[in-house]
Amino acid sequence: MKGMCRIALIIMIVTVVSLRNTWADKSTAANILEFGSGVRPTAMGEAFCGVADDINAICWNPAGIAWLNKKEISLGHDNYYQNIRYESISGIYPVEDILSCVGLNVAILRAGEIIGMDNKGNKIANPDAGDSLITLSFAQVMDEDMRLGIGVGIKWIHQKIAEEKSSGMACDAGILYKGSYKNCPYTLGAVVQNIGEKMKFVREKYDLPLNFKIGASKKMWNNKILCAIDINKSGKDKMYANIGSEYSVTDNLILRIGINGRNNVDMGISSGLGVRIGDRLRLDYSYSGYGKLGNVSKVSVGIGFD
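Residues numbered from 1 in each chain as written. Predicted model: local features only at pLDDT ≥ 70, side-chain atom pairs only at ≥ 80, totals over all residues. Heavy atoms only, no water.

J.: Tell me about the overall build of the protein chain, residues and numbers included.
T.: Of the regular secondary structure elements, the protein chain holds 3 helices and 18 strands. Accessible area for the protein chain stands at about 15,800 Å²; split by element, carbon and sulfur atoms hold 58% of it. (Helix = DSSP H or I, 4+ residues; strand = E, 2+ residues; numbered from the N terminus. Areas by Shrake-Rupley, 256 points an atom, 1.4 Å probe, with all protein chains shown as cover.)

Laid out in structure tokens, this is it:
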């Protein structure tokens, strides 16, 4: 068990070190990769790498879906400032015979209205702009005690502004360890996101927004409270922390709050709630403030299947 943990950790460290030169260039492509997909993670301040215990793990730490044992579909709608829209659909399919799970996420980012102008300043038809992203993830439990899981996510990205288009591939690699201390469950996770070659747009090539996260979470007070923290390092930001928590008021009502420490936009406190209806239906809502840019509201519906 300890040997597998060491091997998984070494793989993650070697990956980060080998890609350290990519962080030196802060010009990146594929903006959709920097939009956090998932209402629950957003409400928790994007502190989710060390939680990763539901369908949102597809986009936050693919190792987390390894323990999921029910088929599920989730639909999400994000309403950003300046009329930016982010739509997503996710699904998971567990393969219990080999203690693994397959996940799929399809997301579309649409920019608000862009005023079209030619080289002489004359108005022309407004150009269409947006990104598309498809993520296929696979995760596997690695030990008999079902404490260690690893996962990978393969991404296809497509960008479009007016007549200009670009496509590329990327991948995520993550690990997650589940333990318990004095009957209080905890998890430790790490993930490298958006590993891939540069994407060419018009005449220039741009790096993808490579990001490395380590995270931890712990349940307390008879598992009614979940606290989580992520430490992030990307090419666009200095190292920063995200902190989040959720409180189970009842089995069917959960309140969430978080603080996002990213410093390249005016982000801060986020909040939200989750409502479970029966054994199959889940509704989630989050609200985040971006200072002068405006506010962001997200909603999702999850449907489980036996």
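J.: Give a detailed account of the nonpolar core, specifying residues and quantitative values.
T.: Ranked by size, the top nonpolar core spans 22 residues in total, and within it V51, I58, I65 and I92 carry the most contacts. Contributions of two or more residues to this core are made by α3 (57–60), β6 (129–141) and β13 (225–234). The greatest single-element share of this core, amounting to 4 residues, is contributed by α3. Each residue touching V51, except ones within four places of it in the same chain, is listed here: R40, M44, L176, T187, S217, L226 and A228. With 17 residues, the next largest nonpolar core counts A30, I32, Y290 and V296 among its residues. (Core = buried A, V, L, I, M, F, W, Y, C linked by side-chain atoms within 4.5 Å. Buried < 20%, exposed > 50% of the residue type's maximum accessible area, 1.4 Å probe, protein only. Contact = heavy atoms within 4.5 Å.)

J.: Could you give an account of the pairing of strand β2 (residues 85–95), with specific residues and numbers?
T.: By the alternation rule, side chains of β2 split into Y86, S88, S90, I92 and P94, which are all buried, and R85, E87, I89, G91, Y93 and V95, of which none is buried. Across 8 bridges, strand β1 (residues 71–79) lies against β2 in antiparallel orientation. Paired with D78 across the two strands is Y86, which belongs to β2. Joining the antiparallel neighbours β1 and β2 is a turn of 5 residues, in which Q82 adopts a positive phi near 55 degrees. Relative to strand β3 (residues 100–110), β2 runs antiparallel, the two sharing 11 bridges. (Pairing = 2+ DSSP bridges.)

J.: Would you mind going over the packing of aromatic side chains in detail, with residue names and values included?
T.: Considering all chains together, one arrives at 5 aromatic pairs under this definition. With centroids separated by 6.1 Å and ring planes inclined at 15 degrees, the aromatic side chains of W221 and Y247 adopt a geometry described as stacked. You can see W221 sitting in the loop between β12 (211–220) and β13 and its partner Y247 sitting in strand β14 (residues 240–248), a full 26 residues away along the chain. The class of W221 is exposed, set by a relative accessible area of 54%. Three or more aromatic residues joined by ring pairs form one cluster here, namely F35, Y80, Y81 and Y86. (Phe/Tyr/Trp six-rings, centres within 6.5 Å; stacked < 30°, edge-to-face > 60°.)

J.: Describe in detail the side chain of N56, supporting the description with residues and values.
T.: With respect to the helices and strands, N56 occurs in the loop between α2 (39–43) and α3. The contacts of N56, once residues within four sequence positions are left out, are S37, G38, V39, R40, P41 and F48.

J.: Hey, could you go over a nonpolar patch on the surface for me, with residue numbers and the actual values?
T.: Nonpolar side chains collect at one region of the surface, where Y93, I98, V102, L104, I134, L136, F138, V152, I154, W156 and M169 lie side by side and expose about 970 Å² of accessible area between them. Those elements that provide at least two residues to the nonpolar patch are β3, β6 and β7 (148–161). Residue position: I154 is located in strand β7. (Patch = residues over 30% accessible without salt bridge, like charges linked within 9 Å, V, L, I, M, F, W, Y side chains within 5 Å. Salt bridge = Lys/Arg side-chain N within 4 Å of Asp/Glu carboxyl O.)

J.: Break down the environment of D128 for me, with residues and values.
T.: Looking at where D128 falls in the secondary structure, it is placed in the loop between β5 (123–124) and β6. Counting along the chain gives 34 residues from D128 to A162, while the straight-line C-alpha distance between them is 5.2 Å. Those residues in contact with D128, other than ones at most four positions away along the chain, are K160, I161 and A162.

J.: Please set out the pairing of β3 residue by residue, giving values where relevant.
T.: Hairpin connection, β2 to β3: the antiparallel pair is bridged by 4 residues, and L99 has positive phi, about 50 degrees. Relative to β6, β3 runs antiparallel, the two being bridged by 11 bridges. Counted as the bridge partner of R110 is G130 from β6.

J.: Could you give an account of the pattern of salt bridges, with specific residues and numbers?
T.: One pass over the structure, following the stated rule, counts 9 salt bridges. The residue R282 makes a salt bridge to E72 at a minimum N-O spacing of 2.7 Å. Taken together, the residues span a long stretch of sequence, with R282 in strand β17 (residues 281–289) and E72 in strand β1 at a distance of 210 residues. Classification of R282 as buried rests on a relative accessible area of 17%. Accessibility expressed as a relative area gives 14% for E72, which makes it buried. A salt bridge links D172 to K155; the nearest nitrogen and oxygen atoms lie 3.1 Å apart.

J.: Residues and numbers for the confidence of the model for the protein chain, please.
T.: Averaged over all residues, the pLDDT of the protein chain equals 86, while 83% of them reach at least 70. Within the model, the stretch residues 1–25 combines pLDDT values under 50 with 34 contacts to residues more than four positions away or in other chains. (pLDDT = per-residue confidence, 0-100.)

J.: Quick one: what's the story with the environment of A43, residue by residue and with numbers?
T.: Considering the arrangement of structural elements, one finds A43 in helix α2. With a relative accessible area of 0%, A43 lands in the buried category. Sequence separation between A43 and D284 is 241 residues, and the spatial gap between their C-alpha atoms is 9.2 Å. Excluding residues within four positions of it along the chain, A43 makes contact with R256, I257, G258, S270, S271, G272 and S286.

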